[in-house]
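Breakdown of the fold
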Amino acid sequence: MSKIKYNCTSQMASTSKKRKWNETYQQYGFTKFSRDGLDAAQCIHCSTVLANCSLKPAKLSHHQSNLHPNIELTEEDLEAKRKRFDKQGTLPTYGFQPESKPMVQASFEVALKIAERKKAHTIGEELIKPCAEIMVRNVLGDKAKREISKISLSNNTVRRRIDDMAADVCNQVCQEIRASAFRASLQLDESTDIANQSQLIAFVRYEKEKKVKEEFLFCELLTTTTTAEEVKKLVDYFFEKNGLSWMQFQHICTDGAPAMIGVRTGFVTRVKSKWPHISNSHCSLHRYALASKTMPPELMSVLDSVISSINFIRGRAKNHRLFDLMAQEMGSTHTSLLYHTQVRWLSRGKCLARVFEMHTEVEIFLREMETRGDHRHENYKNPEFLMKLAYLADIFGTLNEVNVTLQSREASVSDVKDKLAGLGARIALWIRRLHRGNVAAFPLLDAFLLDRRKASSNGKQQQQQLDLPDDLKESIAAHLERLTSEFKAYFDGVEPAYYPWYKDPFGAVVDDEMEEAEELLMLRESAVAKAEFRKLSLSEFWLQQQDTYPRLCNKAAQMFLPFPTTYLCEAGFSVMFDLKPKKRNRLEMSSDMRLACSETKPNILKLVADCKEQVSH
């Protein structure tokens with residue numbers, strides 16, 4: 001007798017009598033199934049669904065004896081198998097084959113790589129999977145290629161995988177913040193993406209296992225305005241949703257926008273009104289850029305003239321092409337100028353240095369392209385103008401170098417203080433040397449003066465005409481003194497607490513009135529602590545002393561845990577612009593940002609274990 005598999009739809013269509021399920025039918029290896037409002041029976045051995053008209057002991061027994069004659073189970077075994085069958089997912093119930101766990105894990109890991117490399121989600125299905133199938137088929141054969149094709153990498157699947165992994169990473173970070181022995185530090189900044197949507201980015205610094213850890217906290221959309229009230233609502237909502245509290249934070253670092261640090265209604269003011277233990281600081285990078293902008297009028301006119309020349313050459317496609325061709329014919333090291341952008345901190349020094357290096361090419365090009373009444377090219381033959389240009393390129397190049405050293409991960413308040421103190425000492429030295437006619441601190445200016453002396457035709461030109469003019473000396477000295485006063489105005493007395501013993505606890509002077517004096521004296525006598533101080537970073541050293549010298553450690557934490565800059569937020573905005581270009585301007589990118597910026601890795605094995613099985617789309 002041939003095997004019979006009843007078709008539910010045709011059987012139901014052939015009769016109008018509606019039968020009811022009876023629990024006694026379980027002894028034949030069936031479980032209750034409902035379709036279109038009618039009871040039916042489903043075999044727990046082969047998942048076949050019998051029609052409503054087959055709800056008869058004879059037909060159920062006929063199915064078992066013909067299709068499963070070798071299956072003999074006791075009543076207890078049959079009941080256990082039926083319960084396991086009832087707990088299975090719906091996909092196997094309807095005859096779909098489940099996706100194996102290695103395929104799910106591969107799907108998660110590929111999705112993680114897509115997010116970390118900031119690529120479009122469709123790249124998995126459109127490029128990665130087809131390329132993998134081609135390579136596997138050519139190397140391992142068609143059978144292996146069919147296995148690879150089972151990996152789910154559709155756009156929707158990659159989106160879900162990224163969301164799941166981002167949620168797992170967020171949960172890990174929030175758990176670590178709650179478990180930290182010290183209050184964390186927060187940095188916030190807001191910017192506009194390619195779709196003109198305001199995005200608020202936050203990073204956090206906290207202690208984990210005796211080390212300082214910096215982590216991405218969130219990137220959320222400010223749906224209405226960017227006022228302090230809306231920023232606080234968004235941050236409070238994130239804290240509430242993830243089980244965090246302002247009691248777990250001690251410091252906030254933001255930019256200087258009124259919405260952030262406004263005295264009356266700024267975000268920081270609103271937070272401190274309810275949580276007075278919170279301290280705050282204005283990003284040192286922003287203050288450094290503001291202090292560096294100061295310039296006397298005679299030097300500002302040089303900068304304006306240079307920017308005008310750059311825009312004339314770079315801003316017109318024809319001029320740019322002709323200048324590029326001329327520079328190549330002249331054998332120049334560079335063939336194009338650099339734009340000056342006000343909001344880019346390093347732009348000024350780089351563009352001035354490039355113009356000075358190519359001042360001969362610029363003068364020739366402007367002379368050939370000049371219009372009536374336009375005599376800009378004459379500036380680039382004027383020695384005093386070139387001296388001012390060389391000085392500006394030198395000083396802003398030096399300021400750029402210090403700026404770059406401030407842009408680093410794990411920078412502390414003391415690091416910024418030391419670097420700015422070093423810059424102040426250097427500027428004071430430059431001023432003293434300048435009064436003696438020594439410009440060695442400014443390489444381009446020094447080299448320009450040296451070249452003029454060499455080209456002076458064996459002394460035919462007066463020596464005083466080859467040196468730095470007195471009025472230019474005064475302008476440079478005034479500029480340097482103005483820089484010193486601006487740095488003092490922006491940085492002196494506005495930093496968080498500073499403890500001199502933090503960087504050298506074994507050599508610092510101990511004040512008897514210090515409340516931590518006893519612990520500091522005990523620390524200085526510890527040979528073990530001295531050995532650790534030599535081999536560990538400052539933050540790691542002080543965290544290691546947490547149990548032995550808690551008072552010292554708590555005060556030292558006020559030096560290495562607060563953020564001195566919003567550098568991580570600025571770096572996060574760069575990631576944001578890579579993630580959300582014009583072609584992906586509708587992307588909801590909070591999950592992608594988390595995976596691209598976070599140091600914490602998702603627990604993929606746990607996610608795979610919790611993931612429902614599914615087939616590839």
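Here, the structure is the one placed above.
In short, a report on the structure. Nothing here was measured: the structure is a model prediction, and the numbers come from that model.

Rules behind the numbers
- Residues numbered from 1 in each chain as written.
- Predicted model: local features only at pLDDT ≥ 70, side-chain atom pairs only at ≥ 80, totals over all residues.
- Heavy atoms only, no water.
- Salt bridge = Lys/Arg side-chain N within 4 Å of Asp/Glu carboxyl O.
- Helix = DSSP H or I, 4+ residues; strand = E, 2+ residues; numbered from the N terminus.
- Buried < 20%, exposed > 50% of the residue type's maximum accessible area, 1.4 Å probe, protein only.
- Expected span 1.5 Å × (residues − 1).
- Contact = heavy atoms within 4.5 Å.
- Pairing = 2+ DSSP bridges.
- Arc of directions from axis to C-beta.
- Phe/Tyr/Trp six-rings, centres within 6.5 Å; stacked < 30°, edge-to-face > 60°.
- Lys NZ or Arg CZ within 6 Å of the ring centre and 35° of its normal.
- Axes fitted to C-alpha atoms, helices over the stretch in contact; angles between N-to-C directions.
- Parallel < 35°, antiparallel > 145°, perpendicular 65-115°, else oblique.
- Left-handed = near helix turned anticlockwise from the far one by under 90°.
- Nonpolar A, V, L, I, M, F, W, Y, C, P; charged D, E, K, R; others polar.

1. A look at the pattern of salt bridges
In this structure the tally under the stated criterion is 22 salt bridges. The partner of Lys-503 in a salt bridge is Asp-418, and the shortest N-O contact between them spans 2.5 Å. You can see Lys-503 sitting in the loop between helix 20 (470–491) and helix 21 (517–524) and its partner Asp-418 sitting in helix 18 (residues 413–435), a full 85 residues away along the chain. A residue is classified by how much of its surface remains accessible, and Lys-503, at 28% relative accessible area, is partly exposed. Using a relative accessible area of 33% as the deciding quantity, one classes Asp-418 as partly exposed. Between Glu-516 and Lys-555 there is a salt bridge, and its shortest N-O distance comes to 2.9 Å. Of this pair, Glu-516 sits in the loop between helix 20 and helix 21 while Lys-555 sits in helix 24 (residues 550–560); the two residues are 39 residues apart in sequence, bridging distant segments of the chain.

2. Focus on helix 25 (residues 567–579)
Taking 1.5 Å per residue, 13 residues should reach 18 Å; helix 25 reaches 19 Å between its end C-alpha atoms and fits that length. The inward-facing, buried residues of helix 25 contact strand 4 (184–192), strand 5 (198–208), strand 6 (211–222) and helix 26 (590–597).

3. Things to note about the pairing of strand 5
Along strand 5, ten of the eleven residues are buried, which leaves the element largely enclosed by surrounding structure. Note: strand 4 against strand 5, eight bridges, orientation antiparallel. Counted as the bridge partner of Ser-185 is Arg-205 from strand 5. Adjacent in sequence and paired antiparallel, strand 4 and strand 5 are bridged by five residues, among which Asn-196 carries a positive phi angle near 60°. Where strand 5 meets strand 6, eleven bridges bridge the pair, whose relative direction is antiparallel. Paired with Lys-208 across the two strands is Lys-211, which belongs to strand 6. Taking the residues that link successive antiparallel strands as the turn, the strand 5-strand 6 hairpin has two residues, and the phi of Glu-209 there is positive, at about 55°.

4. Topic: helix 2 (residues 57–67)
All of the buried residues in helix 2 are Leu-60, His-63, Gln-64 and Leu-67. Down the axis of helix 2, the sector holding all buried residues measures 95°, keeping them to one side.

5. Things to note about the pairing of strand 2 (residues 38–43)
The side chains of a regular strand alternate, first on one face of the sheet and then on the other. Counted residue by residue, strand 2 has six buried out of six residues, so it is predominantly covered. Taking every second residue as pointing to the same face, both faces of strand 2 are buried, with Leu-38, Ala-40 and Gln-42 on one and Asp-39, Ala-41 and Cys-43 on the other. As defined by bridge partners, strand 2 adjoins strand 3 (residues 49–50) across two bridges and the pair is classed as antiparallel. Across the sheet, residue Gln-42 finds its bridge partner in strand 3, namely Val-49. The loop that links strand 2 with its antiparallel partner strand 3 comprises five residues; one of these, Ser-47, has a positive phi angle of about 65°.

6. Looking at unusual backbone geometry
A negative phi holds for most residues other than glycine; trans holds for most peptide bonds. In this structure, Glu-209 is a non-glycine residue whose phi angle is positive, near 55°. With respect to the helices and strands, the residue Glu-209 is situated in the loop between strand 5 and strand 6. Assessed through its relative accessible area of 66%, Glu-209 is described here as exposed. The backbone phi angle of Glu-410 is positive, close to 60°, even though this residue is not glycine. For Glu-410, the location among the structural elements is in the loop between helix 17 (383–406) and helix 18.

7. Focus: the packing of aromatic side chains
Applying the stated rule across the entire model yields 22 aromatic pairs. Here Tyr-499 and Trp-501 contribute two aromatic rings whose centre-to-centre distance is 5.5 Å and whose plane-to-plane angle is 25°, an arrangement assigned as stacked. Relative accessible area serves as the criterion here: at 16%, Tyr-499 is assigned to the buried category. Members of the aromatic cluster, each reached through a chain of ring pairs, are Tyr-499, Trp-501, Tyr-502, Phe-506, Phe-533, Phe-541, Trp-542 and Phe-560. Positioned above the aromatic ring of Phe-108 is the side chain of Arg-161, whose terminal nitrogen or guanidinium carbon lies 4.6 Å from the ring centre. One residue, Arg-376, lies across the ring of Phe-312, its end atom 4.7 Å from the ring centre.

8. Thoughts on the environment of Leu-290
Inspection of the secondary structure puts Leu-290 in helix 12 (residues 284–292). Not counting residues up to four positions away in its chain, the partners in contact with Leu-290 are His-282 and Tyr-490.

9. Overview of the packing of helix 14 (residues 317–329) against helix 16 (residues 359–369)
Any two packed helices are characterised by the angle at which their axes cross and by the distance between the axes. Between helix 14 and helix 16, whose axes approach to 11 Å, the crossing angle comes to 130°. It follows that helix 14 is oblique to helix 16 by the angle criterion. As helix 14 runs across helix 16, the sense of the crossing is right-handed. On helix 16, the residues touching Asn-319, Leu-322, Phe-323 and Met-326 of helix 14 are Glu-361, Val-362, Ile-364, Phe-365 and Met-369. Split by residue class, the contact of helix 14 with helix 16 holds seven nonpolar, one polar and one charged.

10. Some remarks on the side chain of His-68
One can find His-68 in the loop between helix 2 and helix 3 (75–87). Using a relative accessible area of 13% as the deciding quantity, one classes His-68 as buried. For His-68, the residues in contact, after removing those within four places along its chain, are Cys-43, His-45, Cys-46 and His-63.

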